[in-house]
Structure formats: C-alpha cells, structure tokens
Amino acid sequence: MVELACKRCKFINVDTEVCVNCGSTELTKEWYGYLIIIDPEKSEIAKKLGITKPGKYALQVE
C-alpha cells in the first residue's frame, strides 16, 4: 500500500497514479503530517483550508 499526496490539492491517494480528488497526476511520496476531514461543511479547519470533500489530506507536500 503506497500513500501518495497530490501536489495540487494535498489529498492522500492510495495505490493510484491519478488523484481521486482533483484528477492531477502530480503525486509524491514526500509529504508530512496529515489531517482527516469527516464533515467538511461543519469543519472550521476544512473551511479555512478550502477543503470541500471528506478524506485524508497532507499538511505539508514537497
């Protein structure tokens, strides 16, 4: 199981070469920390970061 973070939206993808969140092919193994968003409509952090879909997001992508 390989977890790759999208450089565009920071969504963490598992075993794929295309981001399931935004469709980007710019994925990297170089990411640090993560945030799990369950309900983006009620999450103040999700609103501040512009996250609209639930899922696991990297805090830092290099």
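Described below are features of the structure shown in this document.

## Considering the environment of Gln 60
The topology assignment puts Gln 60 in strand S5 (residues 55-61). Along the backbone, Gln 60 and Lys 10 are 50 residues apart, and their C-alpha atoms lie at a distance of 7.8 Å. Here Gln 60 is in contact with Glu 30, Trp 31 and Tyr 32, once residues within four sequence places are set aside. At a separation of 2.9 Å, a polar atom in the side chain of Gln 60 contacts the side chain of Glu 62.

## A short note on the packing of aromatic side chains
Between two aromatic rings, the relevant description is the distance of the centres plus the angle of the planes. Evaluated as defined, the whole model comprises one aromatic pair. A cation sits over an aromatic face here: Lys 56 above Tyr 34, 4.3 Å from the ring centre.

Parameters at a glance
- Throughout, residues of each chain are indexed from 1 in the direction in which the sequence is written.
- Totals for whole chains, interfaces and linings use every residue, but because this is a predicted model, local features are given only for residues with pLDDT of at least 70 and side-chain atom pairs only at 80 or more, for both listing and counting.
- Water and hydrogen atoms were dropped before computing side-chain values, which therefore reflect all heavy atoms in the structure.
- Helix and strand labels come from DSSP, where a helix needs a run of H or I of at least four residues and a strand needs a run of E of at least two; each type is numbered from the N terminus.
- Any two residues whose heavy atoms approach within 4.5 Å at even a single point are treated as in contact.
- Each polar contact in these results corresponds to two N or O atoms within 3.5 Å; when the atoms are within protein, one needs to be able to donate a hydrogen and the other to accept it, and residues that are neighboring in sequence are counted only if both atoms are side-chain atoms.
- In this scheme Phe, Tyr and Trp rings, the latter by its six-membered ring, pair at centre separations within 6.5 Å, and the angle between planes marks the pair as stacked below 30 degrees, edge-to-face above 60, and tilted otherwise.
- Note on criteria: charge over ring means Lys NZ or Arg CZ within 6 Å of the ring centre, with the direction from the centre no more than 35 degrees off the ring normal.

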